[in-house]
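# Coordinates in review
Below are the chains, spelled out letter by letter.
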There are 2 protein chains.
Amino acid sequence: MAPCQSLFFLFLFTLASVPSNSLATFFPGAAYQSLLKQAKTKTSKPKLPFKTHYFPQTLDHFNFHPKSSKLFYQKYLINSDYWQKGAPLFVYTGNEGDIEWFAANTGFLLDIAPKFKALIVFIEHRFYGESMPFGKHSYQSAKTLGYLTSQQAMADFAVLIRSLKQNLSSVASPVVVFGGSYGGMLAAWFRLKYPHIAVGALASSAPILQFDKLVPWSSFYDAVSQDFKDVSLNCYEVIKGSWAELEAMSTQKEALSELSKAFRTCKSLRSTDSARDWLWTAFVYTAMVNYPTEANFMKPLPAYPVQQMCEIVDKFPSGATKLGRAFAAASLYYNYSRSENCFEIEHEVDSHGLHGWDWQSCTEMVMPMTSSKASMFPPSGFNYEEFAAICQMKYGVSPRPHWITTEFGGERIRNVLKRFGSNIIFSNGMQDPWSRGGVLKNISSSIIALVTEKGAHHVDFRSGTKDDPDWLVELRKQEVGIIQKWLNEYYADLRHG
Amino acid sequence: MAPCQSLFFLFLFTLASVPSNSLATFFPGAAYQSLLKQAKTKTSKPKLPFKTHYFPQTLDHFNFHPKSSKLFYQKYLINSDYWQKGAPLFVYTGNEGDIEWFAANTGFLLDIAPKFKALIVFIEHRFYGESMPFGKHSYQSAKTLGYLTSQQAMADFAVLIRSLKQNLSSVASPVVVFGGSYGGMLAAWFRLKYPHIAVGALASSAPILQFDKLVPWSSFYDAVSQDFKDVSLNCYEVIKGSWAELEAMSTQKEALSELSKAFRTCKSLRSTDSARDWLWTAFVYTAMVNYPTEANFMKPLPAYPVQQMCEIVDKFPSGATKLGRAFAAASLYYNYSRSENCFEIEHEVDSHGLHGWDWQSCTEMVMPMTSSKASMFPPSGFNYEEFAAICQMKYGVSPRPHWITTEFGGERIRNVLKRFGSNIIFSNGMQDPWSRGGVLKNISSSIIALVTEKGAHHVDFRSGTKDDPDWLVELRKQEVGIIQKWLNEYYADLRHG
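- If you look chain A up in an unreviewed UniProt entry, it shows as Lysosomal Pro-X carboxypeptidase from Hibiscus trionum.

## Points about the packing of aromatic side chains
- A full pass over the atoms with the stated rule returns 84 aromatic pairs over all chains.
- Connected via pairs of aromatic rings, a cluster forms that spans Phe50, Phe90, Tyr92, Trp101, Phe102, Phe108, Phe116, Phe122, Phe178, Phe297 and Phe461 of chain A.
- Between the NZ or CZ atom of lysine 193 of chain A and the centre of the ring of tyrosine 194 of chain B, over which it lies, the distance is 4.2 Å.
- Just above the ring of phenylalanine 64 of chain B sits the side chain of arginine 400 of chain A; from NZ or CZ to the centre is 4.1 Å.

## Digging into helix H13 (residues 322-335) of chain B
Residue and element names in this part refer to chain B.
- Look at H13: 20 Å from first C-alpha to last across 14 residues, which is about the 20 Å you get at 1.5 Å a residue.
- Of all the 14 residues making up H13, twelve are buried; the element is thus mostly covered by neighbouring parts of the structure.
- Buried residues belonging to H13 abut helix H9 (233-249), helix H10 (255-262), helix H11 (272-288), strand S8 (300-301) and helix H12 (305-315).

## Some words on the pattern of salt bridges
- A complete count under the given rule lists 30 salt bridges over all chains for this structure.
- Glutamate 489 of chain A is the partner of arginine 419 of chain B in a salt bridge, and the nearest nitrogen-oxygen pair spans 3.3 Å. Within this pair, whereas arginine 419 of chain B is found in the loop between helix H17 (413-418) and strand S9 (424-429), its partner glutamate 489 of chain A is found in helix H18 (residues 470-496), the two belonging to separate chains.
- Owing to a relative accessible area of 33%, arginine 419 of chain B belongs among the partly exposed residues under this scheme.
- The residue lysine 75 of chain B makes a salt bridge to glutamate 130 of chain B at a minimum N-O spacing of 2.3 Å. In this pair, lysine 75 of chain B sits in strand S2 (residues 71-79) while glutamate 130 of chain B sits in the loop between strand S4 (119-123) and helix H5 (142-145), placing the two residues 55 residues apart along the sequence.
- Of the residues examined, lysine 75 of chain B reaches a relative accessible area of 3% and is grouped as buried.
- In this structure glutamate 130 of chain B comes out as partly exposed when scored by relative accessible area, which is 43%.
- A network of salt bridges, in which partner residues are shared, links Lys418 and Arg419 of chain A together with Glu489 and Asp493 of chain B.

## Concerning the sheet that holds strand S10 (residues 447-452) of chain B
Residue and element names in this part refer to chain B.
- With respect to topology, eight strands assemble into an open sheet ordered S1-S2-S4-S3-S5-S6-S9-S10, the strand pairing being mixed. Bordering the open sheet on either side are strand S1 (51-58) and S10, each of which pairs with just one other strand. The average angle at which neighbouring strand axes cross in this sheet is 20°, direction not considered.
- As judged from the four bridges shared by strand S3 (residues 89-93) and strand S5 (residues 175-180), these two strands associate in the parallel manner.

## Things to note about the packing of helix H8 (residues 219-231) of chain B against H9 of chain B
All names here are of chain B.
- Interhelical geometry of H8 versus H9 gives an angle of 135° and a closest axis separation of 5 Å. Taken together, H8 and H9 sit at an angle that is classed as oblique. Across from Ser225, Phe228, Lys229 and Val231 in H8, the residues of H9 making contact are Leu233, Cys235, Tyr236 and Ile239.
- Here the contact of H8 with H9 is built from residues that sort into six nonpolar, one polar and one charged.

## Some points on the environment of methionine 298 of chain B
All names here are of chain B.
- Position of methionine 298 relative to the elements: it lies in the loop between strand S7 (295-296) and S8.
- For methionine 298, a relative accessible area of 4% corresponds to the buried category.
- Between the C-alpha atom of methionine 298 and that of tyrosine 285, which follows or precedes it by 13 residues, the distance is 7.7 Å.

## Digging into the relation of the copies chain B and chain A
- For these two chains of identical sequence, chain B goes onto chain A by a turn of 180° and a shift of 0.0 Å along the axis, with RMSD 0.0 Å. In the structure described here, the two chain copies are related by an operation that fits a two-fold rotation axis.
- When the interface residues of chain B are mapped onto chain A, 100% of them again fall at the interface, so both copies present the same face.

## Examining unusual backbone geometry
Residue and element names in this part refer to chain B.
- With a phi angle near 75°, phenylalanine 127 is a residue other than glycine that sits in the positive phi range.
- For phenylalanine 127, a relative accessible area of 0% puts it in the buried group.
- A positive phi angle, near 55°, is found at arginine 338, a position not held by glycine.
- Turning to its location among the elements, arginine 338 is positioned in the loop between H13 and helix H14 (357-361).
- For arginine 338, a relative accessible area of 74% puts it in the exposed group.

## With respect to the interface of chain B and chain A
- On the chain A side, the residues contacting the 58 residues of chain B number 58 residues.
- A combined buried area of about 4900 Å² lies between chain B and chain A, and 56% of that area is made up of carbon and sulfur atoms.
- Considering only the side of chain B, the residues that lose the most area to chain A are Phe64, Arg400 and Phe420 of chain B, jointly responsible for 18% of the buried surface there.
- Run the count over chain B and chain A and you get ten salt bridges.

## A look at the state of the cysteines
Residue and element names in this part refer to chain A.
- Within this structure, the stated rule accounts for six disulfides over all chains.
- Paired by a disulfide, cysteine 235 and cysteine 310 hold their sulfur atoms 2.0 Å apart. Disulfide cysteine 235-cysteine 310: the torsion about the S-S bond is -70°, which places it as left-handed. Of this pair, cysteine 235 sits in helix H9 (residues 233-249) while cysteine 310 sits in helix H12 (residues 305-314); the two residues are 75 residues apart in sequence, bridging distant segments of the chain. Cysteine 310 matches cysteine 235 in its accessibility class, with the two residues each being buried.
- Across a sulfur-sulfur distance of 2.0 Å, cysteine 266 and cysteine 342 are joined as a disulfide pair. The sign of the 95° torsion about the S-S bond sets the cysteine 266-cysteine 342 disulfide as right-handed. Of this pair, cysteine 266 sits in the loop between helix H10 (255-262) and helix H11 (272-288) while cysteine 342 sits in the loop between helix H13 (322-335) and helix H14 (357-361), and the two are 76 residues apart along the sequence.
- Listing the disulfide partners of chain A by sequence rank of the bonded cysteines yields 1-3, 2-4, 5-6.

## Concerning the sheet that holds strand S5 (residues 175-180) of chain A
Residue and element names in this part refer to chain A.
- In space, the eight strands of this open sheet follow the order S1-S2-S4-S3-S5-S6-S9-S10, with mixed pairing throughout. Only two strands of the sheet have a single neighbouring strand rather than two, namely strand S1 (51-58) and strand S10 (447-452). Strand-to-strand twist of the sheet, defined as the mean angle between neighbouring strand axes without regard to direction, takes the value 20°.
- Of the pairings in the sheet, the one linking S1 to strand S2 (residues 71-79) comprises eight bridges and is antiparallel in character. Paired with threonine 58 across the bridge in S2 is leucine 71.
- Lying over the sheet, helix H7 (residues 182-193) contacts strand S3 (89-93), S5, strand S6 (200-204) and strand S9 (424-429), oriented at roughly 150° with respect to S5.

Conventions and cut-offs
Residues numbered from 1 in each chain as written. Chains lettered and ligands numbered in written order. Predicted model: local features only at pLDDT ≥ 70, side-chain atom pairs only at ≥ 80, totals over all residues. Heavy atoms only, no water. Phe/Tyr/Trp six-rings, centres within 6.5 Å; stacked < 30°, edge-to-face > 60°. Lys NZ or Arg CZ within 6 Å of the ring centre and 35° of its normal. Helix = DSSP H or I, 4+ residues; strand = E, 2+ residues; numbered from the N terminus. Expected span 1.5 Å × (residues − 1). Buried < 20%, exposed > 50% of the residue type's maximum accessible area, 1.4 Å probe, protein only. Contact = heavy atoms within 4.5 Å. Salt bridge = Lys/Arg side-chain N within 4 Å of Asp/Glu carboxyl O. Pairing = 2+ DSSP bridges. Axes fitted to C-alpha atoms, helices over the stretch in contact; angles between N-to-C directions. Parallel < 35°, antiparallel > 145°, perpendicular 65-115°, else oblique. Nonpolar A, V, L, I, M, F, W, Y, C, P; charged D, E, K, R; others polar. Least-squares fit on C-alpha atoms with pLDDT ≥ 70 in both. Buried area = accessible area lost by both parts, 1.4 Å probe. Disulfide = S-S within 2.5 Å.

Have a look at this one:
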């Protein structure tokens, strides 16, 4: 049995019933969104302080096949409220979703822009949001999707940034790139590949080592489990035990009807697997967004939601089933706002436009993950051949599992980068299971790891609030100080160069 | 009127008669090779101390279009005479021609391999020599040629090197890349883009700044002219004046017949342009290979051939025409070995398989060149629109003239690289006109420029001879010392990392 972390696996179980494969996704399509009502309110997007632009972008930067020079329009957002000519550009290297969603959840840039008189630019990643190279046909087949790669995305950023600075008549403006999660990987790699375009990168929660065999494959789920265990050993054990109860039900005749009732589903369940995935998603994403304040990233959640979940589990009367407790805990994730009367467990809404990650996982972004016996999830392995066969079946594409480490490195990263490169901050919160694939120790005097014990998935990028704990205020202050240093150095070089 | 530096311009004048465009080529197809007899001897290649291998290589590393995963066989040469497991790999990043030719002219690697117990690898660049992705159809159209780019070539190197080290069971072996001319650009860029694969690069005669407006467009021909002027002002003035005499002939009725006689052509000339190109090539390439010892790179030539040419010019009896003297000087280039009874001025033989550079010039490698009034060549400009129109006509492709500087940088290179990157030697000889587009000053303690006043096009890469002057012996010694330092550092890091 395998955990179902991504849309990929929804298809997997529906179509192929091939078990034992697990791949990484940062935000699995915000799957299992509940109730149409909520889906409707989601579409009325918050008003963001950005102006929308579209840039004519080249389809393929790395070959000159006649089809490569086709142009498409890449979306980007600009805030120039604080901008002064010559001052820096703060560029967010967009990741696998609508750029507005990342802009809405990266208030940090708006918070710090006045100090630097910076222009803020959020660039949408090709094949996400409105940046569709082939319009509504963009996801049609490998012939169109083939152009969705991280290197093409970075070349897009390079071309767009260079053109933008020329149009601003401010070519000497330094550029600092920012990114979180996959966007953070892109920010770090961008500094490494395009140092002539970005003077530095703040890569938050960027698991650039989650490839090949750079970190143990079980580290992600071990880390989720550790988050729960640290709060309550009982909580961890209840969740760990719940899967067997669910598994046992799948052999019973009346199980689906009973489970539908217990899980308060809006429609009768067709498979116990859905219930498992639903629970599983709740625990993983709650660990990721285990923020110190109330927040609404994937879902509205209270401060330190893992702790809240475990309180729910621990307070149950004795005699309650483990599955019932796990359901109650998961309900915090899906219904903290108490607006749900029932759960659309099998009705998936991709409200942030994240589904392209499935293709990326089948090509470059092969991040194998397994669940060890020590984790609170059911054990699962990773079989590359099966995985490759499914990608072949779905897209007619073969993954290149060693390409990312060939193109961007990772092996002996400390030895390589301490002699090469500069001006990268890798920030990670240890509550975030992705941190295990991140850079957690300083590499050199200017390739710096900022690690917080209580931080979660790119918490530093969220808007500051009055309730932020001291360690978070301090983390952001350190980041601002380091960026200031990069810029001082850049301007000094410019004057004397 | 424009100088005809490349095959490109041969076509240009024949087909389109569009003047005033000049683009860079390193070795323009060894055009104007004389006499079939010589062409025949050329094909019997010297026996090189290398074993030939072929590597299954991916057609397009940067997209996942179904056609991209096609494999082709990339040729590479190996010498393991001095190799000890764990010792370094010295990899030559092949350029725009048959790899054997570069291997035969890069004896430096064989000279220094014993000291380092290094494995020597010469990798052929895709679309040159035998490394043809579509066999004999490789040059058919932009649909096949489209995959001939520098980034694809570098990704080839990365994939091949990584695989090779695994097959050698020596993954911790450090790799140093070496390249001359375009291969030198690739070596330097490879260290910048793949620092996790190469610990350092020796880039000899690598004009990485010959793009966009990084250096004056007239610098190349100004430098050729300076080489001649430094030897003899009279020589410079005679050559400078010869073009007008040739131009004047083109209006005369009997000119071609007279010129054919004067130039001892095997067949009657069809155009005075051919004679101009023939002269022009001789002066440019003699400046490039103005080596301190007798050598046979493009052609057999004596030591310091520019000086020899000018002696011929200067010794002429007064009253001789400038054109006659220029012809006599050029004859040194074409007939130093005195084996030619006549010259095949319009019969071009591409004996080193260099013609793919024409495509590269029409896509990425846009290196605009003009001839200023100060040069000894007829004045010429560069009109981008005309140039682009010709590329469109020839290949159905539009050049991307700003792509190289976007992808690899170059603007404010000192400021960028003094804060980023390490372990690159840029070596240049000031006799080489390409040196004007090179890095001529140290950038940091480990990005080092080695400049010799009397050096010519990657002279340091030639096999050592007993006649080598002290400055050349010293230059190579410095290079070996720096490479030794990189390797010591690497091994120390490996022990302590």
